[in-house]
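Coordinate analysis (summary)
Here's the letter readout for the chains.
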Amino acid sequence: MTIVAGVDFGTLSVRVTLVDSKKGPIGTASAPYPLNRRRDDPDFATQSHADQMAALAAATREALRTTGVSGNDVAAIALDTTGSSVIPVGEGLEPLDDYYLWCDHRAHSEAEEITTKAHAMGLEAIEWCGGVYSHEWGFAKLLHWLRHNPEKRAKFVTALEHCDMVAATLCGVKTVAGLKRSVCAMGHKWMWNPKWDGLPPEEFLVAVDPLFAGVRAKMGGEYLTSDHLAGHLSAEWAEKLGLRAGIPIPVGAFDAHWDALGSNCREGDVVNVVGTSTCIIAMASEAQLVPGVCGVVPGSVHPAYTGIEAGLSATGDIFEAVARRAQTTVAALSEGLDAYKAGQTGLLRLSWDNGDRTVLVNPELGGVTLGWNMVHTAQDELFAAIEGTAFHTRIILERMAEHGVRVDRVINAGGIPQKSEVLNRVYANVLNKPVLVPAGVPTSLGSGIMALLAAGAYKTIEEAQAAVCLPLRTVQPDPQAAAVYEQLYPLYRDLYFALGTRNAAPAALGRVLPELRRIAAQARKAG
C-alpha cells in the first residue's frame, strides 16, 4: 500500500486528494484564494503566488487531519494547475508580479500581432495550435507584461507557467538552469514542439516585437513529460505542508489534461472537462493537424501519446450569468429543468459569451440567443444555454474526427456533470452517443495517478488507472430527443459559421427562426 497526494489548482481554490494505491481516493480538502478583478477592466484577472502556496499548505494539512494519515506516510506529491497562467520572475525565481491568470484577457492585440506575424513568416508552429494564437496563451501574456511594466524589465529573468512555478517552489529550485518545464504547458500555450527545435526562433519573436529580444534564451531549463521528476520536496516546504522532505514531485501539467487521466481516459476517448469553461481532451498514437484546435502536442496528456486539446471559453460561467441576470442561482433556476424536452423552448443559443476558443478561435464574438418571444423565461434560456454548449461540443468533436482523431467514447468529467443530470442527458442526445460520467469527482485524481508513478507504486498509467479510477456510469441517448436535435443541429452549425466568421458567405439564415418555431411547436405537441 502506498499513499500519495494529488493536487489540483483551480481558478478559485486548490484541492488536495490523498490517494491509496489499493483503495483509491481516501480523503480530500480544499482551500480558497482571491481572484483579483477590476470593475473598470473586465479583461483583468490576476492571482498571488503567495496566496496560492498558503492555500496549498492549508489544504494539505487539512487533508492529513481529516483522514488521519501521517505526513510521513505520504510517498509523493504531484500537481496540476490552470493554464496558461503566467508569472514573470526575477533573481532566485522570485515573482516580479502576480500571475496573469488563464482568464486574464488583456493580451488581445498581442495575440493578434503574433498570429499575423506567424502567418506572414510561414511559422509552422501556428498551424499546430489551430492557426490562431490566443490571448489566453503564454507569449501574448508575456508581451503584454513587458509592454506595460517597463520599470521591471531589467529585473526579468524568465517567465513560468503556473504548474512549473509551483513545482520549482516546492523543490527549492532557484535558477533557470535547474527548472523542469512541462511539455504539456509549453506545448499547448507557448508553441513548443520538438518538430521545430522547441520554441519559435528568436528572429520570429523579435519580428513580433523587439521587446522579445533575448526572451527565447531566457526560457531555459529542461522540457519534459510528466513521467520525469521536477525534483524532490524541500525541507522548507515539507515543514509547511506537513509532509516528509525528499519525496518525489513529477513534472506538472494542466488541470484538464490530468482530469482526463483521472477519468480513465484511453486512446479513442474524448473527455469533456466541464466547469466554468470546458476543456476537451483526447489522445492519439498518431496525430495530424486539426484546424481550429488549440493544441496537438506529443506527450502532453499521456507521455506515450500525442495530446489534443480543444474547448469552450465559457460553460458554467454562462449558466451563472443567466441566473445572475434573473437575480437567482443556477441551482434554483435548474429546479424543474428535467421536465424540458428537446427543442421545446424555440431558442437557439450560441455559447460565445467569452469568445470562441475552438474551432473559430475568435475572442471578439459574443453570446447570441435567437427565437425570443414575449413569454420566454430565464429558465428557458438556461436550458437553451445547455443545449448550445452541447451543440458547440459537437462542432468540435466533428472537426477532430474529420482529421483522424478517434471519438469512440465521450466522458463528461469536471464539476458540473456531477451536479447536472440534465446536462449529461442533453449532451448524450445532442451528440447521439452514450455519455460516460465518473461516479464522483475526478478532480486531482489524475495528479494522484502521476504521484503513484513517481512513488514507484505502479509502472504504467494504465495500471494506476485500473486500481484507483472511479467507475463510469452511462447516460444513453433518447432516440426521440436525438431525432429533434438532428433537426436543430444543422441550424446551429449554419449560424455558428455564418455569424462567427468575418466576411463569411451567409448561409440560408432566413430559415432559422421559422424552423425554431416549428420544432418548438412539435415538441410542445408531443408533450
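One can find the structure itself at the top, above this paragraph.
Here's a quick rundown of the structure. Predicted model, so just to flag it, every value in this text is computed and none were measured. (Residues numbered from 1 in each chain as written. Predicted model: local features only at pLDDT ≥ 70, side-chain atom pairs only at ≥ 80, totals over all residues. Heavy atoms only, no water.)

Brief notes about the side chain of His-302
- Tracing the backbone through its elements, the reader meets His-302 in the loop between strand E17 (295–298) and strand E18 (306–312).
- Polar side-chain contacts of His-302 include one of 2.8 Å to the side chain of Glu-462.
- If we ignore the near neighbours within four places in the chain, the residues touching His-302 are Met-283, Ile-461 and Glu-462. (Helix = DSSP H or I, 4+ residues; strand = E, 2+ residues; numbered from the N terminus. Polar contact = N/O pair within 3.5 Å; in protein donor to acceptor, adjacent residues only side chain to side chain. Contact = heavy atoms within 4.5 Å.)

As for the pattern of salt bridges
- What the rule picks out here adds up to 22 salt bridges.
- Between Arg-357 and Glu-309 there is a salt bridge, with its nearest N and O atoms 2.1 Å apart. Remark: Glu-309 occurs in strand E18 and Arg-357 occurs in the loop between strand E19 (348–350) and strand E20 (368–370); sequence separation between them is 48 residues.
- We classify Glu-309 as buried; its relative accessible area is 2%.
- One salt bridge in this structure joins Glu-515 and Arg-518, with 2.9 Å as the shortest N-O distance. (Salt bridge = Lys/Arg side-chain N within 4 Å of Asp/Glu carboxyl O. Buried < 20%, exposed > 50% of the residue type's maximum accessible area, 1.4 Å probe, protein only.)

Observations concerning the sheet that holds strand E1 (residues 3–9)
- The strand order across the open sheet built from 5 strands is E3-E2-E1-E6-E14, with neighbouring strands paired in mixed fashion. Unpaired on one side and paired on the other, strand E3 (24–32) and strand E14 (253–254) mark the two borders of the sheet.
- In this structure, strand E2 (residues 13–20) lies alongside E3, joined through 8 bridges in antiparallel fashion. In the strand pairing of E3, Val-19 is matched with Pro-25. (Pairing = 2+ DSSP bridges.)

Structural notes on the sheet that holds strand E16 (residues 278–284)
- Strand order in the open sheet made by the 7 strands is E17-E18-E16-E15-E21-E22-E23, with mixed pairing throughout. Lying at the two open borders of the sheet, with one neighbouring strand each, are E17 and strand E23 (472–475). Each strand axis lies, on average, 25° off the axis of its neighbour in the sheet, ignoring direction.
- Where strand E21 (residues 409–413) meets strand E22 (residues 435–438), 2 bridges bridge the pair, whose relative direction is parallel. In the sheet register, Val-410 faces E22, and the bridge partner there is Val-435.
- The sheet strands contacting helix H13 (residues 378–402) are strand E15 (269–274), E16, E18 and E21, and the helix crosses E18 at an angle near 150°. (Axes fitted to C-alpha atoms, helices over the stretch in contact; angles between N-to-C directions.)

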